[in-house]
Amino acid sequence: MLTIYGVYRSRASRPLWLLAELGLPFRHVPVIQAYRLSDATGPDAPLNTASPEFLKVNPLGQIPCMDADGLVLTESLAITLYIARNHGGLFGPQTPAEGALMTQWALFAATSLEGPSLEILFIQQDGGDATREGQAGLAIAAQKLRRPLKRLEDHLAAHDYLMGDRFTVADINTAECLRYAQGHAALMEEHPKVKAWLERCQSRPGFQSMMQKRLEEPA
Ligand SMILES: N[C@@H](CCC(=O)N[C@@H](CS)C(=O)NCC(=O)O)C(=O)O
């Protein structure tokens, strides 16, 4: 039995989306980020990333974390790739070459998309886009994304999904790393194929079910 540690309002959304797609049973332990609590170490604090009990599972003190019969993984994209490879059917690789490409998309997402996408999210959620400084930050982050987004745009001109004609873990990993930038409407409009692909991925019942549970959690 798989155990996933981490609330839906975290990068746990990535494995939780994949598990929703697969309909695979799992145990969910909704560990919350310590920084979201006023007193993470108090006696009434819920299980959080600073709880000694959780630090025994993941000494990094971060979510998500997966325990699969004693195999503990603490990187969201490694978790999704593990689940896809071992339980994912067509969501996972069917050949070593597909496995290599899925790994490459995950590294592309983590190293080229996630950082600047998060910069966009943080500026927008703090209302910073209303300030000159925030606008400058948005412009810098958008510029960092243009090269990887062009790569995606060109790829999606010829394919519906990253692995070709079927939706896989590569789409989940990449779409989730880019989701933080989705509020930058102008950048999305510049990349219509990417925008349409994100919407296609997010219209799936698996994403909708994950997002519904995420929205039901306290903000
Ligand atoms: N590279 C890691 C990053 C994990 C991460 O930063 N998780 C955040 C929540 S999305 C967290 O646990 N923050 C709490 C903390 O760092 O104390 C992954 O993709 O799993």
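Small disclaimer: the values here were computed from a predicted structure and weren't measured.

All right, on to the UniProt feature "domain: GST C-terminal" (unreviewed entry) in the protein chain then. According to UniProt, the feature "domain: GST C-terminal" (unreviewed entry) maps to residues 95-219 in the numbering used here. Helix makes up 78% of residues 95-219 and strand 0%, whereas the separation of the span's terminal C-alpha atoms amounts to 41 Å.

Moving on, we get to the environment of Gly128. Note on placement: Gly128 falls in the loop between α4 (96-125) and α5 (132-158). Gly128 gets classed as buried once you look at its relative accessible area, which sits at 16%. Each C-alpha atom, one on Gly128 and one on Leu55, is 34 Å from the other, the two residues being 73 residues apart in sequence. Ignoring sequence-local partners within four residues, the contact set of Gly128 consists of Ile123, Gly134 and Gln135.

For α4, with 30 residues, the first-to-last C-alpha span of 40 Å sits near the 44 Å given by 1.5 Å per residue. In the stretch just after α4, Gly127 is the one whose phi turns positive, near 75 degrees.

The environment of the ligand is formed by 13 residues, the closest being Arg11, Gln62, Ile63, Glu75 and Ser76. Note that an oxygen atom of the ligand is positioned 3.4 Å from one of the side-chain N or O atoms of Gln62. Here Glu75 contributes a side-chain N or O atom positioned 2.7 Å from a nitrogen atom of the ligand. Burial of the ligand by the protein chains amounts to 77% of its free accessible area of 510 Å². Here the residues of the shell around the ligand sort into 3 nonpolar, 7 polar and 3 charged.

Note that strand β1 (residues 2-5) and strand β3 (residues 65-68) share 4 bridges and pair antiparallel. Bridging across to β3, Ile4 finds its partner in Met66. Two strands pair when backbone bridges link them, and β3 and strand β4 (residues 71-73) are joined in this way by 3 bridges, in the antiparallel orientation. Opposite Asp67, over in β4, you have Val72 as the bridge partner. Taking the residues between adjacent antiparallel strands as the criterion, β3 and β4 are bridged by 2 residues, where Asp69 takes a positive phi near 50 degrees.

On to the sheet that holds strand β2 (residues 26-29), then. Strands sit in the order β2-β1-β3-β4 across an open sheet of 4 strands; the sheet is mixed. The open sheet has two edge strands, β2 and β4, and neither has a second partner. Adjacent strand axes in the sheet meet at a mean angle of 15 degrees when their direction is disregarded. Summarising the sheet, β1 and β2 pair through 4 bridges and their orientation is parallel. Each bridged residue has a counterpart across the sheet, and for Thr3 the counterpart in β2 is Arg27.

What follows concerns the pattern of salt bridges. One pass over the full model with this rule turns up 10 salt bridges. Glu98 is the salt-bridge partner of Arg166, the closest N and O atoms lying 2.8 Å from each other. Within this pair, whereas Arg166 is found in the loop between α5 and α6 (169-179), its partner Glu98 is found in helix α4, the two being separated by 68 residues in sequence. Arg166 sits in the buried class, given a relative accessible area of 16%. Since its relative accessible area comes to 16%, Glu98 is described here as buried. For Arg146, the salt bridge goes to Glu190, with nearest N and O atoms at 2.8 Å. Taken as a pair, Arg146 in helix α5 and Glu190 in helix α7 (residues 185-190) lie far apart in primary sequence, 44 residues in all. By relative accessible area, which is 42% here, Glu190 ends up partly exposed. Shared partners join several salt bridges into a network, and the residues in it are Arg11, Arg14 and Glu114.

Calculation notes
- Residues numbered from 1 in each chain as written.
- Predicted model: local features only at pLDDT ≥ 70, side-chain atom pairs only at ≥ 80, totals over all residues.
- Heavy atoms only, no water.
- UniProt positions renumbered as here; feature names shortened; annotations may be inferred.
- Helix = DSSP H or I, 4+ residues; strand = E, 2+ residues; numbered from the N terminus.
- Buried < 20%, exposed > 50% of the residue type's maximum accessible area, 1.4 Å probe, protein only.
- Contact = heavy atoms within 4.5 Å.
- Expected span 1.5 Å × (residues − 1).
- Near = heavy atom within 4 Å.
- Polar contact = N/O pair within 3.5 Å; in protein donor to acceptor, adjacent residues only side chain to side chain.
- Areas by Shrake-Rupley, 256 points an atom, 1.4 Å probe, with all protein chains shown as cover.
- Nonpolar A, V, L, I, M, F, W, Y, C, P; charged D, E, K, R; others polar.
- Pairing = 2+ DSSP bridges.
- Axes fitted to C-alpha atoms, helices over the stretch in contact; angles between N-to-C directions.
- Salt bridge = Lys/Arg side-chain N within 4 Å of Asp/Glu carboxyl O.

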